[in-house]
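Structure at a glance
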Amino acid sequence: MKGLNHFIVSIPKKYKDTYVTESGLELYADRRWSLEKVGNTVVQVLEIPLNYDGPISTGDLLFLDIDTLARQKYVKGGELESQHLIDREKNLYKIDASLILAYKFKEGGEWLGFGENVLCDKVKEKKEPTSNLIILPTDNKEEVVKNKLKVAVLNNDIKEQGVCVGDVVYVKPTVIIDVWLENKLYTRVRNRDVLGIAI
């Protein structure tokens, strides 16, 4: 089977029973509330689209948007299977390019951002005490900065603009989406959401 505009992938088991935190702790989770953590969103490409001319080939790994596994729920009718499912017996799914966040070549190596997608780590900084007449004790805890991220996975377009892995960038705070890849939490932004590099 080969799609005209869709990648064909197999997802034998859509959900895991547990997920592992960044500290190594394994936890059980319900997919209804923790779909982004237990969903199997790393899949292997079985066929590339006929109209596709890019770096991804058969056998490469794709990191997909969690919406690929989402089901529509109805009060009376129950759950409706994902619209991307094309063969229930073989667990085959059609994947539009808009659902791909990153990819990795079958030979190995690092994850690469697909299209305009960039995966980043959150940046934490110590909160500066406010200046007033009353001196309060501080706990020196670090807080996440909403519009500041550290680049972890690049795409080719933003790399050509001079952004490198490890750079701290300023982004629009309204476009931040958290995703889980290989038991690690990342923040997904797009090229157009990056405002500048912190110097």
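Our structure's up above, just so we're on the same page.
First things first, this report covers the structure right here in the doc. Numbers given for residues are sequential positions, taken from 1 along each chain in its written order. At least 70 in pLDDT is required for a residue's local features to be given in this predicted model, at least 80 for side-chain atom pairs to be given and counted, and no such filter applies to totals for whole chains, interfaces and linings, which use all residues. To obtain the side-chain values, all non-hydrogen atoms of the structure were used and water was disregarded.

A word on the overall build of the chain. By the criteria applied, helices consist of DSSP H or I runs no shorter than four residues and strands consist of E runs no shorter than two, each listed in order from the N terminus. Across its full length, the chain carries two helices and 17 strands. When the 199 residues of the chain are sorted by exposure, 35% land in the buried category. For this analysis, residues touch if any pair of their heavy atoms sits within 4.5 Å. Counting contacts in the chain only where the partners sit at least 6 residues apart, residues at least 24 apart contribute 58% of the total. All accessibility values rest on the Shrake-Rupley procedure with a 1.4 Å probe; residue burial counts only the protein chains present in the view. Of the roughly 12,700 Å² of accessible surface on the chain, a fraction of 51% belongs to carbon and sulfur atoms. Categorising residues by exposure relies on relative accessible area from a 1.4 Å probe, with only protein chains included: less than 20% of the type maximum marks a residue as buried, more than 50% marks it as exposed, and the intermediate range marks it as partly exposed.

Close approach of charged atoms allows side chains of opposite charge to pair. When a carboxyl oxygen of Asp or Glu is within 4 Å of a side-chain nitrogen of Lys or Arg, the pair counts as a salt bridge. The full count for this structure, using the stated rule, is seven salt bridges. Among the ionic pairs, Lys 104 bridges to Glu 182, the shortest N-O distance being 3.6 Å. Here the residue Lys 104 occupies a position in strand E10 (residues 100-104), and Glu 182 occupies one in the loop between strand E15 (177-181) and strand E16 (184-190), the gap between them amounting to 78 residues. The class of Lys 104 is buried, set by a relative accessible area of 16%. The salt bridge partner of Glu 116 is Arg 192, with a shortest N-O separation of 2.5 Å.

The distinction between a cavity and a pocket rests on a 1 Å grid over the protein atoms alone: a 1.4 Å probe fits inside a cavity but cannot get out, while a pocket stays open yet meets protein on both sides within 12 Å along at least five of seven lines, and a residue with an atom within 4 Å of a point counts as lining. Grid points are joined across faces, edges and corners, and a volume is the space filled by probe spheres set on the points. The volume enclosed by the second largest pocket comes to roughly 250 Å³. Elements with a minimum of two residues in the lining of the second largest pocket: strand E13 (142-153), helix H2 (156-160) and E16. Broken down by class, the residue content of the lining of the second largest pocket amounts to eight nonpolar, two polar and four charged. All amino acids are sorted into three groups, where Ala, Val, Leu, Ile, Met, Phe, Trp, Tyr, Cys and Pro are nonpolar, Asp, Glu, Lys and Arg are charged, and the leftover types, Gly among them, are polar.

Turning our eyes to something else, we now look at the sheet that holds strand E17 (residues 194-197). In this scheme, strands are said to pair when DSSP sees at least two bridges between them. Read across the sheet, six strands follow the order E15-E16-E12-E13-E14-E17 without closing on themselves; strand pairing throughout is antiparallel. Here the strands that pair on one side only, and so sit at the sheet edges, are E15 and E17. Within the sheet, the average angular offset between the axes of one strand and its neighbour, ignoring direction, is 50°. As judged from the three bridges shared by E13 and strand E14 (residues 168-171), these two strands associate in the antiparallel manner. Where helices are involved, their axes are fitted lines through C-alpha atoms of the stretch in contact, as for all axes, and angles between N-to-C directions lie from 0 to 180°.

Spatial ordering of the open sheet is given by E8-E9-E1-E4-E5-E10-E11, a layout of seven strands whose pairing is antiparallel. In the strand order of this sheet, the two ends are held by strand E8 (85-87) and strand E11 (112-113), each with one partner. Pairing of strand E4 (residues 42-47) with strand E5 (residues 61-64) involves three bridges; the strand directions are antiparallel. Bridge pairing in E5 links Val 43 to Leu 62.

With that out of the way, let us pick up the packing of aromatic side chains. Classification of ring pairs rests on two measures: the distance between centres of Phe, Tyr or Trp rings, Trp counted by its six-membered ring, which must be within 6.5 Å, and the angle between planes, read as stacked under 30 degrees, edge-to-face over 60 and tilted in between. In the structure shown here, the tally under the stated rule is five aromatic pairs. Considering the side-chain rings of Tyr 103 and Phe 105, the 5.5 Å spacing of their centres and the 70° angle between planes classify their relative orientation as edge-to-face. Judged by its relative accessible area of 30%, Phe 105 is partly exposed. Here the aromatic rings of Tyr 103 and Phe 114 are separated by 6.2 Å at their centres, their planes lie at 85°, and the arrangement is edge-to-face. Highlighted residues: Tyr 103 in strand E10 and Phe 114 in the loop between E11 and strand E12 (117-126), separated in sequence by eleven residues. We note that Tyr 103, like Phe 114, is buried. Its guanidinium or amino end placed over the ring of Tyr 186, Lys 184 lies 4.6 Å from that ring's centre, counting from NZ or CZ. We count a charge as sitting over a ring when the NZ of a lysine or the CZ of an arginine lies within 6 Å of the ring centre and within 35 degrees of the ring normal.

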